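Read off the chains here:
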Amino acid sequence: CLEVPRSCSLAQVADEAGFLVGAAVDSTWIRDPAYADVLAAEFNSVTAEREMKWDAVQPQRGTFDFTGADEIVDFAEQNGLVVKGHALVWDQEHLDSTPDWVLAVDDPDELRAVLREHFTAVLGHFGDSVDRWDVVNEPIETLGVGLYPNHFQQVLGDRYIDEVFALAREVSPTTSLWINEAAVEFNPAKAEAFHELVAGMVERGVPLDGVGLQGHLLAGAPQDGFLEDLMGRFAALGLEVGITEMDLPVEAGTEAEYERQADVYAQVVDECLAAGCSELTTWGVHDPQTWLDDFMGRTDTDPLLFDGTFTAKPAHAAVKEAIASGTL
């Protein structure tokens, strides 16, 4: 497959390269046979888009619901896909997954107890069926350089990230633990702040295994070489690194735009592999189910590898070629 990638599926090329190509999924989507067939054939990794987040699995204290998440895990196990858990801690003002009942806990010791209960139940439930976890998602201000002043930072202090990673390692000693961040691909100042945060964690001995750069390319292609340099700096710290939520909105149905999209996907994979990264996950399988339509108030963002009929777009072939050329 690496020598003739066009003759193989994306998953076959990725498997031969020892690389993960994933997609964010939802249990309701995998019940669609056409969707399920493409997911199983073309990807070797899945991330639960919403059904492993705090508000989904523990909407009230002590009340857990793993129904949707278990459906995703079962599908993955039946089809030989690995699973990434997303996300244990994510709290922002407008877009997050922290239930109101957690936000009402303002005593530090009580909040630590709540975190322990949640981590113990969730990590214990999934065990080795989940390959790796985003322990903290989007810890830095969306377009800034400081820690996001979320509930956990306000109650537990700036080292709350160290605390929750230590707790995750205590509860699940063998799970790969990741930190995941957005909007660093086009913001050098934020990228530098994120690197400084991660380097400090490594220096302090925080049990961190991987770094995810989301790759929501709303601003278009990153500057040439920027991703390779940044990801290489994380790899030099002894960490895994990956693109974890990639999408690139383009004008729907326009061949020139699809070709431009393909070029950017190839660029990202090229730089990712040159830096020694381990994964490229797209935030969805096909265009109609992207979160970007709601976020951008449109229905024609077309950011993914497959169109509304599950037909592969030029970006699909570009990713296969880039993986093959980057690993031969």
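Definitions and limits used
Residues numbered from 1 in each chain as written. Predicted model: local features only at pLDDT ≥ 70, side-chain atom pairs only at ≥ 80, totals over all residues. Heavy atoms only, no water. Helix = DSSP H or I, 4+ residues; strand = E, 2+ residues; numbered from the N terminus. Rg over C-alpha atoms; globule rule 2.2 N^0.38 Å. Buried < 20%, exposed > 50% of the residue type's maximum accessible area, 1.4 Å probe, protein only. Expected span 1.5 Å × (residues − 1). Contact = heavy atoms within 4.5 Å. Pairing = 2+ DSSP bridges. Right-handed = clockwise from strand over helix to strand, strands pointing away. Axes fitted to C-alpha atoms, helices over the stretch in contact; angles between N-to-C directions. Disulfide = S-S within 2.5 Å. Arc of directions from axis to C-beta. Polar contact = N/O pair within 3.5 Å; in protein donor to acceptor, adjacent residues only side chain to side chain. Salt bridge = Lys/Arg side-chain N within 4 Å of Asp/Glu carboxyl O. Core = buried A, V, L, I, M, F, W, Y, C linked by side-chain atoms within 4.5 Å.

## What to know about the overall build of the protein chain
Secondary structure summary: the protein chain contains 14 helices and eight strands in total. Here the protein chain has a C-alpha radius of gyration of 19 Å; the compact-globule value for 328 residues is 20 Å, and the two agree. C-alpha atoms of the protein chain, sized along the principal axes, occupy 55 × 40 × 40 Å. For the protein chain, buried positions account for 57% of its 328 residues.

## A closer look at helix α14 (residues 314–327)
Here α14 is 14 residues long and its end C-alpha atoms lie 20 Å apart, about the 20 Å a rise of 1.5 Å per residue gives. All of the buried residues along α14 are A315, H316, A318, V319, K320, A322, I323 and A324. On its buried face, α14 is in contact with α1 (10–17), β1 (20–25), α3 (33–42), α12 (255–274) and β8 (279–282).

## Let's talk about the pairing of strand β5 (residues 176–181)
Along β5, six of the six residues are buried, which leaves the element largely enclosed by surrounding structure. Of the two faces of β5, the one lined by S176, W178 and N180 and the one lined by L177, I179 and E181 are each fully buried. Relative to β5, strand β4 (residues 132–137) runs parallel, the two sharing five bridges. Each residue of the ladder has a partner; that of N137, found in β5, is N180. Relative to strand β6 (residues 210–213), β5 is paired through four bridges, and the arrangement is parallel. By the bridge assignment, N180 is partnered in β6 with G212. Taken together, β5, helix α10 (residues 188–203) and β6 constitute a β-α-β crossover, and its handedness is right-handed.

## A few points about the pairing of strand β3 (residues 82–89)
Here is the key point about a regular strand: its side chains alternate between the two faces of the sheet. Burial analysis of β3 places seven of its eight residues in the buried class, which makes it a mostly covered element. Two elements, β3 and β4, share four bridges in a ladder whose sense is parallel. Across the sheet, residue K84 finds its bridge partner in β4, namely R132.

## Some details on the sheet that holds β4
An order of β1-β2-β3-β4-β5-β6-β7-β8 is seen for the eight strands of this closed barrel, with the pairing classed as parallel. Averaged over all neighbouring strand pairs, the angle between strand axes comes to 25°, with direction disregarded. Helix α11 (residues 226–235) contacts β6 and β7 (240–246) of the sheet and is inclined by roughly 160° relative to β6.

## A closer look at the state of the cysteines
Taken as a whole and assessed by the stated rule, the structure comprises two disulfides. Between the sulfur atoms of C1 and its disulfide partner C8 the distance amounts to 2.1 Å. Taking the sign of the torsion about the S-S bond as the criterion, the disulfide between C1 and C8, at about -85°, is left-handed. Disulfide partner of C272: C277, at an S-S distance of 1.6 Å. The S-S bond linking C272 to C277 shows a torsion near 95°; that makes this disulfide right-handed. Across the protein chain, the way the bonded cysteines pair up, counted in sequence order, is 1-2, 3-4.

## Regarding helix α7 (residues 108–126)
Count 3.6 residues to each turn of an α-helix, and residues three or four apart come out pointing the same way. The end-to-end C-alpha separation of α7 is 27 Å, in line with the 27 Å expected for 19 residues at 1.5 Å each. Those residues of α7 lying buried are L111, V114, L115, H118, F119, V122, L123 and F126. For α7, the angular spread of the buried residues around the axis is 135°, confining them to a single face. Of the exposed residues in α7, the ones pointing more than 90 degrees away from its buried face are D109 and G124. The opening residue of α7, the one whose side-chain oxygen lies 3.2 Å from the backbone nitrogen of D109, is D107. Count one or two residues on from α7 and you reach G127, which has phi positive near 55°.

## Points about the pattern of salt bridges
Taken as a whole and assessed by the stated rule, the structure comprises 19 salt bridges. In this structure, D26 engages R50 in a salt bridge whose closest nitrogen and oxygen atoms are separated by 2.5 Å. Here R50 lies in the loop between β2 (45–48) and α4 (54–57) and D26 lies in the loop between β1 and α2 (27–30), a separation of 24 residues in the sequence. Residue classification places D26 among the buried residues on the basis of a relative accessible area of 4%. Owing to a relative accessible area of 42%, R50 belongs among the partly exposed residues under this scheme. In this structure, the salt-bridge partner of R61 is E110, at a minimum N-O distance of 2.5 Å. One end of the pair, R61, is in the loop between α4 and α5 (67–79); the other, E110, is in helix α7, with 49 residues separating them in the sequence. Since its relative accessible area comes to 32%, E110 is described here as partly exposed.

## A word on the nonpolar core
Counting 103 residues, the largest nonpolar core has L39, F119, F165, I179, F194 and L213 as the members making the most contacts within it. If you tally residues by element for this core, the top one is α12, at nine residues. Apart from the residues within four sequence positions on either side, I179 is in contact with V136, P139, I161, F165, F194, L197, V198, M201, L208, G210, V211 and G212.

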